[in-house]
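Architecture at a glance
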Amino acid sequence: LGISIGITVLLRQVFLLMIPFLFLWIWIARFKRSRNLPLLPTVLSFILIFSFILPITFYNYSRFGRFVLLNTNSGYAFFWGNNPVYGTKFIPILSTEEYRAMIPEEVRHLDEAALDQELLKRGVGFVTDDPVRYLLLSLSRIPPYFMFWYSGASSMLSNISRIGSFGGFLPFMLIGLVLGIRKRRRFWDLVSSPEGLLILFVGVYSGVHILTWTLIRYRLPVDAVLIPFAGLALVELFNRLASKRV
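Residues numbered from 1 in each chain as written. Predicted model: local features only at pLDDT ≥ 70, side-chain atom pairs only at ≥ 80, totals over all residues. Heavy atoms only, no water.

Here we take up the overall build of the chain. A count of helical and extended segments in the chain gives twelve helices and zero strands. Listing the helices and strands of the chain from first to last along the sequence gives α-α-α-α-α-α-α-α-α-α-α-α. Evaluated residue by residue, the chain yields a buried proportion of 38% over its 246 residues. Across the chain, every contact between residues at least 6 apart in sequence was considered, and the portion connecting residues at least 24 apart equals 64%. (Helix = DSSP H or I, 4+ residues; strand = E, 2+ residues; numbered from the N terminus. Buried < 20%, exposed > 50% of the residue type's maximum accessible area, 1.4 Å probe, protein only. Contact = heavy atoms within 4.5 Å.)

Counting 43 residues, the largest nonpolar core has I5 and W80 as its most contacted members. For this core, the leading source of residues is helix α11 (residues 194–210), giving six residues. Dropping the residues within four chain positions of it, W80 is found in contact with Y86, Y99, M102, I103 and W213. (Core = buried A, V, L, I, M, F, W, Y, C linked by side-chain atoms within 4.5 Å.)

This next bit is on helix α3 (residues 39–64). With 26 residues, α3 should cover 38 Å at 1.5 Å per step; its first-to-last C-alpha distance of 36 Å lies within 8% of that length. The sharpest bend along α3 reaches about 30° and sits at I53, with the proline P55 one to four residues further on. All of the buried residues along α3 are T42, S45, I49, I53, T57 and N60. The inward-facing, buried residues of α3 contact α1 (2–11) and α2 (19–34). Where α3 terminates, the next one or two residues include G65, which has phi positive at roughly 70°. (Expected span 1.5 Å × (residues − 1). Bend = angle between axes of the 7 residues up to and from the residue.)

This brings us to the packing of aromatic side chains. Evaluation of the coordinates by the stated rule reveals 14 aromatic pairs. The interplanar angle of 45° and the centroid separation of 5.6 Å between the aromatic rings of Y76 and W80 together place this pair among those described as tilted. In this pair, Y76 and W80 are both assigned in helix α4 (residues 74–81), four residues apart and thus about one turn of the helix distant. Both residues of the pair, Y76 and W80, count as buried. Geometrically, the ring pair formed by F90 and W213 is edge-to-face, given 6.1 Å between the ring centres and 75° between the ring planes. A residue pair is termed long-range when its members are at least 10 positions apart, and F90 in the loop between α4 and α5 (96–102) and W213 in the loop between α11 and α12 (220–245) qualify at 123 residues. Comparing F90 with W213, the two get one shared label, buried. Taken together, Y76, W80, Y86, F90, Y99 and W213 form an aromatic cluster joined through their ring pairs. A cation over an aromatic ring shows up here: R141 above the ring of F90, its NZ or CZ 5.2 Å from the ring centre. Positioned above the aromatic ring of F166, the side-chain terminus of R219 is 3.6 Å from the ring centre. (Phe/Tyr/Trp six-rings, centres within 6.5 Å; stacked < 30°, edge-to-face > 60°. Lys NZ or Arg CZ within 6 Å of the ring centre and 35° of its normal.)

Below is the structure:
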């Protein structure tokens, strides 16, 4: 577990935000089954996770002379994703010139790491200065995040692949989610089940992007996790059709 999470966070830093929820699920599932908590496995897992992260952190410190956990993406993304220039309507992709123009002139002399931290601070300021606008802006990110319909701004290949993949799977994913939830009669049975873990990931991972920065490609891990639910719906459909033939 520690090795797999360590590799995952090196590839996708945003998964760090999922780790507390993952271990909470593990603790709930373990306690529900055996009334004990996996203290030692948890400690060993975190030691392994940090063993992957620390070399990158030390390397970043040697380059920038300041703490940078893994990379310098978060500050830029949060600043650009919640900039007042959008108002309450998020636009997924702007031009390079438009993104550059958002960065205040007085901070452009900073190095990459310092600028990332300064932009993160200013991005948080956008939220605290006008939380209602931030809420409406976040809600406006939901349609582009789950987009599966035709768009004139996309190429024919992009439209075909988007509609033919997520658009085709979505009804089965939703039906499978309902079936997966109905399999567990009680709430805590669902929470501690494998289905509960997958649903938890979908909610947390989607929530992170909806509250920060959204592009369709960021939804791909969620699509992969929802495919088993689509399979569950197809199995249920096949069984019903087979029973009618009999």
